[in-house]
Amino acid sequence: MELQQMRYVVAVAELGGFTRAAKRCLVVQSALSHQIARLEKELGARLFDRTSRQVRLTAAGEAFLPAARQALDAAERARTEVAATAGEIRGRLAVGAIPTGAAVDVPAALRAFHLRHPHVHIVLRDGASKDLVRDVRDGTLDVAFLGVLPSYRPKGVRDRELATGELVAVVAPTHPLAGSTEVGLDRLATEKFVDYPDGTAARAQSEEAFAATGLTREVAFEVSGTDFIVRLVRSGLGVAMLPAAFAAELTGVHILSVREAPARTERLVWSRFRPTPAAAAFLAGLGVDAAAGPQELPAPGVRDTGQ
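Below, the structure is looked at part by part.

With that out of the way, let us pick up the side chain of Glu266. Mapped onto the elements of the fold, Glu266 is located in strand E12 (residues 263–271). There is a polar contact of 3.1 Å between the side chain of Glu266 and the backbone nitrogen of Ala103.

Here it is as C-alpha cells:
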C-alpha cells in the first residue's frame, strides 16, 4: 500500500470521478485507475462502484477513506516537522474567523505570516463561533477567532481573550433614531430587528441583554451574513446591534451607543494538542505561546479595539 494510491482514492472520492481526479493528481487516467485497482486487489475489496454516470464509494471505501486521509495528513506532518528542524516552515495553515472580528486584523496577520513563510499554504474560512470551535477541536482548523458572550469558555481547545467591548445600535440614516447618539434597550425593543440566526453566539449577545431587563423584541429578518445584515439596515427594513469596533468602519448607516449595552468578547482558540510548525509560527506572530493555557492579557501585535 502506497501513499500515492491513497491520494488517488481521496481525489476520486472528493471529486466523484476518475477523470477529474487524474487532472488534480497530474497523472493520466489509466495510470490512476491501474493504481487504485492494484490497491483494491491488495485489500481484497472494491473501494468504488463504477457506472457510466457516477462513481460512488462502496462500504469498504467508506471505511478506508478516513484512514487514508489520516495517513496522508501524518505523512505531510512528518515532512513539515523535518523541514522545521532546518528552520523552514512548510505545510498548511487553516484559520477560521468570524466576519465581525476586530481585535486582530486577520488579513494583515495572514499577509505578514505569508511574507515570513511563503511555502505555507494558507486556508481561511469564516463561520459561526461554535462551528469554528468544533473545527479547531477536530483538527479541521488550526486556529480561530471568535466573538462570544463574556461568560463563554470554549471546551476541548486552548484559548486566549483578545478584547471585550459593547454592541452598538445600527440604523438607517433616515431612521427616526438617526438624530440621536444614544438609545436605551426599551426604545430598541419597539423596533424590528435584523439579526443572526437563533442559536448562534452572535444572536445570544443581544438576546441575553433584552432578557436580563425583561424586554422582548421582534427579529423580523434572520440572516447569517453580516454584509446582508448591513444592507437590510441601510434599506430601512430594521435595526441591528453589532460590535462597536466593527460598526465604526461601516458606511451609509448611523451608529448609536446603547445604555445597558450587551457585551461581546473576542477570543482566539487553537488545538490543545501539539500544533503544526505552521500553526505554532502563526500563533507566535500574534505573541501567543502555543503550549500555554488560558491567558487574559492582550498579546503583542493585537489591536486594542476599545469595544
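Now that the structure has been shown, the text picks up again.
The subject of this paragraph is helix H8 (residues 201–212). The terminal C-alpha atoms of H8 lie 16 Å apart, and with 12 residues this matches the ideal 16 Å at 1.5 Å per residue to within 8%. Among all positions in H8, only Arg203, Gln205, Ser206, Ala209 and Phe210 are buried. For H8, the angular spread of the buried residues around the axis is 155°, confining them to a single face. Of the exposed residues in H8, the ones pointing more than 90 degrees away from its buried face are Ala211 and Ala212. Just past H8, the residue Gly214 takes up positive phi, approximately 75°.

The next point concerns the pattern of salt bridges. Under the counting rule described, the total for this entry stands at 15 salt bridges. With its nearest N and O atoms 2.7 Å apart, the salt bridge here joins Glu191 to Arg187. We classify Glu191 as buried; its relative accessible area is 15%. Ionic pairing is found between Arg217 and Glu207, a salt bridge with its closest N-O pair at 3.5 Å. One end of the pair, Arg217, is in the loop between H8 and strand E9 (218–222); the other, Glu207, is in helix H8, with 10 residues separating them in the sequence. On the basis of relative accessible area, Arg217 is assigned to the buried category, the value being 15%. Here the salt bridges share partners, and the residues they tie into one network are Asp195, Arg203, Glu207, Arg217 and Glu222.

Attention shifts here to the pairing of E9. Bridge count for strand E8 (residues 192–195) against E9 is four bridges, and the pairing is parallel. In the sheet register, Val194 faces E9, and the bridge partner there is Phe221. Between the parallel pair E8 and E9, the chain is carried across by H8, and the sense of this crossover is right-handed.

Take the nonpolar core next. Of all hydrophobic cores here, the largest spans 25 residues; its most connected members are Leu93, Phe145, Leu268, Phe282 and Leu286. At the level of elements, strand E3 (91–97), helix H5 (106–116), strand E5 (143–148), strand E6 (157–171), E12 and helix H11 (277–285) are the ones that each hand at least two residues to this core. For this core, the element with the most residues is H11, which contributes five residues. If you look at the next biggest cluster of nonpolar residues, it comprises 19 residues, including Met6, Val10, Val12 and Ala21.

Cut-offs applied
- Residues numbered from 1 in each chain as written.
- Predicted model: local features only at pLDDT ≥ 70, side-chain atom pairs only at ≥ 80, totals over all residues.
- Heavy atoms only, no water.
- Helix = DSSP H or I, 4+ residues; strand = E, 2+ residues; numbered from the N terminus.
- Polar contact = N/O pair within 3.5 Å; in protein donor to acceptor, adjacent residues only side chain to side chain.
- Expected span 1.5 Å × (residues − 1).
- Buried < 20%, exposed > 50% of the residue type's maximum accessible area, 1.4 Å probe, protein only.
- Arc of directions from axis to C-beta.
- Salt bridge = Lys/Arg side-chain N within 4 Å of Asp/Glu carboxyl O.
- Pairing = 2+ DSSP bridges.
- Right-handed = clockwise from strand over helix to strand, strands pointing away.
- Core = buried A, V, L, I, M, F, W, Y, C linked by side-chain atoms within 4.5 Å.

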